[in-house]
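One letter stands for each residue in the lines below.
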Amino acid sequence: RERYPWMVLDDVVAAALGRKYEGSFDPYSMLMAFRRKARAMGVCFIQGEVVGLDADSTDTSEPSEVKGVHVQNISGELTT
């Protein structure tokens, strides 16, 4: 509590504090790692804008499974 007086620790059961790089995070590196793994698994990335979704339900108050994505690429072509 002396080191981090702004933290509420009443319900903390366990924690860890590292001495080096504690709390540092590089979101770009994580994104690139996800992209590398996805490519290794056969994913093809395209640049474009999502213009529609096909879902198993039209009820927006309930979660549904996405069945398809409609993308307009930078040349204006629509792909599914």
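> Describe the packing of aromatic side chains, naming the residues involved and giving the relevant values.
Summed over all chains, the structure comprises zero aromatic pairs. Across from the ring centre of F45, 4.2 Å away, lies the NZ or CZ of R35, which sits over that ring.

> An account of the sheet that holds strand β1 (residues 48-55) is requested, with residue identities and associated values reported.
With respect to topology, three strands assemble into an open sheet ordered β1-β2-β3, the strand pairing being antiparallel. Taken across any chain shown, the strands that pair with only one partner, and hence form the sheet edges, are β1 and β3 (78-79). Sheet analysis places strand β2 (residues 66-73) next to β3, joined by two bridges and oriented antiparallel. Bridged to V71 within β3 is T79.

> Tell me about helix α1 (residues 27-40), and please be specific about residues and values.
Across its 14 residues, α1 extends 20 Å between first and last C-alpha, which sits within 8% of the 20 Å expected from 1.5 Å per residue. Looking one or two residues past α1, G42 carries a phi angle of roughly 100°, positive in sign.

> Before we move on, can you summarise the environment of K20 with the specific residues and values?
Tracing the backbone shows K20 in the segment before α1. Residue classification places K20 among the exposed residues on the basis of a relative accessible area of 60%. Taking the C-alpha atoms as reference, K20 lies 23 Å from V8; in sequence the two are 12 residues apart.

> Mind laying out the confidence of the model for the protein chain, listing which residues take part and the relevant values?
Looking at the protein chain, pLDDT values average 85 and 95% of them are 70 or higher. α1 holds the highest mean pLDDT among the elements of the protein chain, 94, whereas β3 holds the lowest, 86.

> Any chance you could break down the pattern of salt bridges for me, citing the residues and the numbers?
Counted by the stated rule, this structure contains one salt bridge. Taking the shortest distance from any N to any O, the salt bridge between K67 and E65 comes out at 3.7 Å. By relative accessible area, K67 is classed as exposed at 55%. For E65, a relative accessible area of 47% gives the class partly exposed.

Criteria and thresholds
- Residues numbered from 1 in each chain as written.
- Predicted model: local features only at pLDDT ≥ 70, side-chain atom pairs only at ≥ 80, totals over all residues.
- Heavy atoms only, no water.
- Phe/Tyr/Trp six-rings, centres within 6.5 Å; stacked < 30°, edge-to-face > 60°.
- Lys NZ or Arg CZ within 6 Å of the ring centre and 35° of its normal.
- Pairing = 2+ DSSP bridges.
- Helix = DSSP H or I, 4+ residues; strand = E, 2+ residues; numbered from the N terminus.
- Expected span 1.5 Å × (residues − 1).
- Buried < 20%, exposed > 50% of the residue type's maximum accessible area, 1.4 Å probe, protein only.
- pLDDT = per-residue confidence, 0-100.
- Salt bridge = Lys/Arg side-chain N within 4 Å of Asp/Glu carboxyl O.

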